Amino acid sequence: MSLKGKNIAIGVCGGIAAYKIASLVRLLVKENANVQVLMTPDAKEFITPLTLATLSKRPVLSDYINRHTETWNNHVELGLQADLLLIAPATANTLSKMAHGACDNLLLATYLSAKCAVMFAPAMDLDMWLHPSTQENVHRLLNFGNILIAPGKGELASGLIGEGRLAEPEEMLQHIQHFFSNSLPLEGKKALVTAGPTHEAIDPVRFIGNHSSGKMGYAIASALQSLGATVTLVSGPTQLPTPPKVNRHDVTSAQEMLEACSSHFETVDIIVMSAAVADYTPVSVASQKIKKKDTNLEIALKKTTDILATLGKKKTNKQTLVGFALETENELQNAQDKLQRKNLDYIVLNSMQDKGAGFGGDTNKVTMIDRKGETQQFELKSKKDVANDIAAVIIAHQAAINS
Ligand code: CTP
């Protein structure tokens, strides 16, 4: 896809992978993009401004003051002119500064004043990438709405093997082209989300239920919709308004939820089952209100169908299936077993140990576990932010499936 007329600013930081930016600039210029390269002072140790200026056909900017012309390199203008700002390679140092609003060079000032979308492509050594502070900074940046071009796995400059390698120039070009052709990452994707409790009728006026408010599932439906997905929300009884542009399908019982989910399942790419489905339902529903007697009342219960496990059996490798787990003991192991048993791609473990997490409230604290048993632990945050974290993991999974 041609990038004719697109103004793309590339912020180059001081990392060994900076050499790849020469190829990227060439590819972008070939697609007719207007490329403005910005460099941190350290980046110039790794690749010369002359190389990037020659390839981009315009001077590289690094300082606030242009010493040749004695003019001011206006970062606000730069930030306003760009249709996209890509920071690549984004080093641990620059990521940290971006995440915390530091502004000690032209590149960071441009980032802070940019009105356009910002992509960042990290590159660093494995241990630096895995360090909790780097991971936290990446999540902060994702929460600010910046777009991650995830580092690849492979041999690193240090000799270590693992994640941390800057995405290849062709891959960065693809992300940029995708951004301009289709600016939302889940555009064209369909998602099914379940939320809320189910109510299992005992008689015409009574039911067995639970305290789920539905807030987490509604926040997920809303996050996926804002990221471009067409979302169907299968909701048990809640007091919540339907999120904008989400198709809501109301159900009451576990059986109705199963039927609704089964009818949508085959056509969707993403399934997030956050509903607190009743595990048991009365064997029979009394047709008339049950009158009180002097003796104890016993209600026979039968197991409901596990909707998530049912869908897990039918899941294709184009679909991302996410389940939830609420565990009170041996949390990680139980959640991981559940993921395997129900054939999920991810399980979101709700913590019962932390204040502010779980039913009813507006905050939550979760850990996401993938099929390999790798965990990503998030701090206590608003359910909206938790929903964005979950959505970011789903986007990365869908991108990997389709790559
Ligand atoms: N779930 C479902 N259908 C059910 C029960 C649960 O789809 N009948 C889904 C929930 O939406 C959630 C996950 O399964 O995503 C939660 O599983 P949980 O109820 O904790 O699993 P169980 O296997 O019932 O485990 P346990 O009873 O040990 O907690």
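Residues numbered from 1 in each chain as written. Predicted model: local features only at pLDDT ≥ 70, side-chain atom pairs only at ≥ 80, totals over all residues. Heavy atoms only, no water.

In the nomenclature of an unreviewed UniProt entry, the protein corresponds to Coenzyme A biosynthesis bifunctional protein CoaBC from the organism Sphingobacterium corticibacterium.

Caption draft 1: Up close: the UniProt feature "binding site: CTP" (unreviewed entry) in the protein. Under the UniProt annotation, the feature "binding site: CTP" (unreviewed entry) is placed at Asp279, Lys289, Phe324, Lys338 and Lys342. Taking the farthest pair of C-alpha atoms as the criterion, the annotated set spanning 64 residues is dispersed, since that pair is 37.8 Å apart. From this annotated list, the subset lining the second largest pocket comprises Asp279, Phe324, Lys338 and Lys342. Structurally, Asp279 can be placed in the loop between β15 (270–273) and β16 (280–282). When its relative accessible area of 53% is taken as the criterion, Asp279 is described as exposed. Beyond its immediate sequence surroundings of up to four residues, Asp279 is in contact with Lys302, Lys303 and Thr304. Secondary-structure assignment places Lys338 in helix α12 (residues 331–341). Note on Lys338: relative accessible area 18%, which makes it buried. (UniProt positions renumbered as here; feature names shortened; annotations may be inferred. 1 Å grid on protein atoms, 1.4 Å probe; cavity = no way out; pocket = protein on both sides within 12 Å on 5 of 7 lines; lining within 4 Å. Helix = DSSP H or I, 4+ residues; strand = E, 2+ residues; numbered from the N terminus. Buried < 20%, exposed > 50% of the residue type's maximum accessible area, 1.4 Å probe, protein only. Contact = heavy atoms within 4.5 Å.)

Caption draft 2: Here's a closer look at the sheet that holds β15. Strand order in this open sheet of 8 strands is β14-β13-β10-β15-β18-β19-β21-β22, and the pairing throughout is mixed. Looking along the sheet, the strands with just one partner apiece sit at the ends: β14 (247–250) and β22 (375–377). Pairwise comparison of adjacent strand axes, ignoring direction, gives a mean angle of 15° for this sheet. For strand β10 (residues 190–195) and β15, the ladder comprises 4 bridges, and the chain directions are parallel. Bridging across to β15, Ala191 finds its partner in Ile270. Of the strands in this sheet, β10, β13 (230–235), β14, β15 and β18 (320–326) touch helix α9 (residues 215–226), which is tilted by about 165° from β10. (Pairing = 2+ DSSP bridges. Axes fitted to C-alpha atoms, helices over the stretch in contact; angles between N-to-C directions.)

Caption draft 3: Fine view of the side chain of Glu331. As for its position among the elements, Glu331 is in helix α12. Buried Glu331, no salt bridge; nearest opposite-charge side chain is Lys365, N-O distance 8.5 Å. (Lys, Arg positive; Asp, Glu negative; His and termini not counted. Salt bridge = Lys/Arg side-chain N within 4 Å of Asp/Glu carboxyl O.)

Caption draft 4: Spatial organisation of the site of the ligand. The environment of the ligand is made up of 15 residues, and the closest members are Met273, Ala275, Leu308, Phe324 and Lys338. Here an oxygen atom of the ligand sits 2.9 Å away from a polar atom, N or O, in the main chain of Phe324. Within the side chain of Lys342, a nitrogen or oxygen atom sits 3.0 Å from an oxygen atom of the ligand. Protein chains shield 76% of the accessible area of the ligand, which is 580 Å² for the free molecule. Judged by its atoms lying within 2 Å of the grid points, the ligand is housed in the second largest pocket. (Near = heavy atom within 4 Å. Polar contact = N/O pair within 3.5 Å; in protein donor to acceptor, adjacent residues only side chain to side chain. Areas by Shrake-Rupley, 256 points an atom, 1.4 Å probe, with all protein chains shown as cover. Sits in = over half its atoms within 2 Å of the grid points.)

Caption draft 5: The nonpolar core, seen in detail. The biggest cluster of nonpolar side chains holds 35 residues, and the ones touching the most others in it are Ile21, Leu28, Leu52 and Met172. Among the elements that take part in this core, helix α1 (residues 20–30) stands out by supplying 6 residues, more than any other. Residues Leu186, Met216, Ile270 and Val393 belong to the second largest nonpolar core, which totals 31 residues. (Core = buried A, V, L, I, M, F, W, Y, C linked by side-chain atoms within 4.5 Å.)

Caption draft 6: The arrangement of the sheet that holds strand β6 (residues 117–122) in detail. With parallel pairing, 5 strands are arranged side by side in an open sheet as β2-β1-β5-β6-β7. For this open sheet the edge positions go to β2 (34–39) and β7 (147–148), each flanked by a neighbour on one side alone. Note: strand β1 (residues 7–12) against β2, 6 bridges, orientation parallel. In the strand pairing of β2, Asn7 is matched with Asn34. Helix α5 (residues 106–113) contacts β1, β2, β5 (84–90) and β6 of the sheet and is inclined by roughly 125° relative to β2.

Caption draft 7: Here's a closer look at the packing of α9 against helix α13 (residues 383–401). Contact pair α9 / α13: the axes reach a minimum separation of 8 Å and the direction vectors enclose 55°. With respect to α13, the axis of α9 lies oblique. Regarding α9 and α13, the two cross each other, and that crossing is right-handed. Across from Lys215, Met216, Ala219, Ile220, Ala223 and Leu224 in α9, the residues of α13 making contact are Lys383, Lys384, Val386, Ala387, Asn388, Ile390, Ala391 and Ile394. (Parallel < 35°, antiparallel > 145°, perpendicular 65-115°, else oblique. Left-handed = near helix turned anticlockwise from the far one by under 90°.)

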